[in-house]
Amino acid sequence: MTEPGPAAQRFLAELDKLPPPELRGPEMLAVRLARAAVAALPVDGAGLSIHDMDGHRTPIGASDATASQAERLQFTHGDGPALRAHDDGVVIAFDEAAIARNWPELHEALVGKTKFHAVLSVPLLPPLGPLVVLDLYVRNADQLPATDREDVADVTIAMTRAMVAAALGAPVEEGRRGWWDGPDALRRARVWQATGMVNVGFDLDTADALAVLKAHAFATGRVVDDVADDLVAGRLDLDELRTPDRE
């Protein structure tokens, strides 16, 4: 087996450190992987997401709260670098001009709420890729072209191996949580729960019900995850989501 490159060695060294108690569960592996990627590469944030065959996007781990927010903004806007990388199955770099050109509203939100100015979206290797995508965020767009792509590839290989080994090595038990069940993923599950509530309440299909939640998020300057949390928790009433054509 080829010796890991310097970036992969930094990644593995960071991953091997004894994690703090709140990150020790198997469901927190993706968070540790994202943090290790930031330690190994000249980037300011990292996030992992799964894009399933039904078009559902689920975050599974991020290096910090700002990277989590960047993912929620992409999800709320319904498009963005991670989805493009998943659809095309290739590594794609988006500097600030490219983000602004492709998704003007996402660009405004991303720069205004996270201070990230560029993204490198990287599908993991099979069997996880292209369903699992790694987003690498930078505050200074000049960092993106300076990021060595071989280093990124080495980290991606190490990350894929770690996730596959964790999935294969875990015992099959009912109710067992894995790296696909982290806090961000469970929070996104509330979006699908809220979508179901809108589906039933307004007699809409899933896509249109999600569009109602997104419309409310846009109107109130929030992300869909926050709107869903409020709806499921009873802090937001279905009637508040009504528009004139649904009254």
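Presented here is a report on the structure given in the accompanying data block.

**Some remarks on the packing of aromatic side chains**
Evaluation of the coordinates by the stated rule reveals 4 aromatic pairs. Consider the rings of F94 and W103, whose centres lie 5.1 Å apart with planes at 55°: the pair is tilted. Seen from their ring centres, W179 and W180 are 5.0 Å apart, and the 75° between their planes marks the pair as edge-to-face. The exposure class of W179 is buried, given its relative accessible area of 6%. The exposure class assigned to W180 is partly exposed, which follows from its relative accessible area of 30%. Note that R188 overlies the ring of F75, its terminal NZ or CZ placed 3.8 Å from the centroid. Cation over ring: K214 sits above F75, and NZ or CZ is 5.3 Å from the ring centre.

**A few points about the packing of helix α2 (residues 29–40) against helix α8 (residues 149–169)**
Axis separation between α2 and α8 bottoms out at 11 Å; the angle between their running directions is 165°. Classified by the interaxial angle, the pair formed by α2 and α8 is roughly antiparallel. Read as a crossing pair, α2 and α8 show a hand that is right-handed. Of the residues in α8, those in contact with L29, L33, A37 and A40 of α2 are V155, M159, A162, M163 and A166. Counted by class, the contact of α2 with α8 contains 9 nonpolar, no polar and no charged residues.

**Concerning the pattern of salt bridges**
For the structure shown, the criterion picks out 13 salt bridges. Between R190 and D229 there is a salt bridge, and its shortest N-O distance comes to 2.8 Å. Highlighted residues: R190 in helix α9 (residues 183–202) and D229 in helix α11 (residues 224–233), separated in sequence by 39 residues. Connected through salt bridges with shared partners, the residues R57, E71, D135, R188 and D225 form a single ionic network.

**Focus: the packing of α9 against α11**
Following both chains from N to C, one finds α9 and α11 inclined at 60°, their axes separated by 8 Å at the closest point. α11 is crossed by α9, and the crossing has left-handed handedness. Contacts between α9 and α11 involve R187, R188, R190, V191, Q193, A194, M197 and V198 on the former and, on the latter, V224, D225, D226, A228, D229, L231, V232 and A233. Each residue belonging to the contact of α9 with α11 can be placed in one class, and the counts come to 9 nonpolar, 1 polar and 6 charged.

**A word on helix α1 (residues 6–16)**
When α1 is considered as a whole, its buried residues turn out to be A7, A8, F11 and L15. The buried residues of α1 occupy an angular sector of 95° when projected down its axis, which confines them to one face. Turned more than 90 degrees away from the buried face of α1, the exposed residues are P6 and D16. At its buried positions, α1 is contacted by α2 and α8.

**Things to note about the sheet that holds strand β4 (residues 118–123)**
What the 5 strands build is an open sheet, ordered β2-β1-β5-β4-β3; its pairing is antiparallel. One side of each edge strand has no neighbouring strand; the edge strands of this open sheet are β2 (57–62) and β3 (92–94). Each strand of the sheet is rotated relative to its neighbour by a mean of 25°, with strand direction disregarded.

Rules and cut-offs
Residues numbered from 1 in each chain as written. Predicted model: local features only at pLDDT ≥ 70, side-chain atom pairs only at ≥ 80, totals over all residues. Heavy atoms only, no water. Phe/Tyr/Trp six-rings, centres within 6.5 Å; stacked < 30°, edge-to-face > 60°. Buried < 20%, exposed > 50% of the residue type's maximum accessible area, 1.4 Å probe, protein only. Lys NZ or Arg CZ within 6 Å of the ring centre and 35° of its normal. Axes fitted to C-alpha atoms, helices over the stretch in contact; angles between N-to-C directions. Helix = DSSP H or I, 4+ residues; strand = E, 2+ residues; numbered from the N terminus. Parallel < 35°, antiparallel > 145°, perpendicular 65-115°, else oblique. Left-handed = near helix turned anticlockwise from the far one by under 90°. Contact = heavy atoms within 4.5 Å. Nonpolar A, V, L, I, M, F, W, Y, C, P; charged D, E, K, R; others polar. Salt bridge = Lys/Arg side-chain N within 4 Å of Asp/Glu carboxyl O. Arc of directions from axis to C-beta. Pairing = 2+ DSSP bridges.

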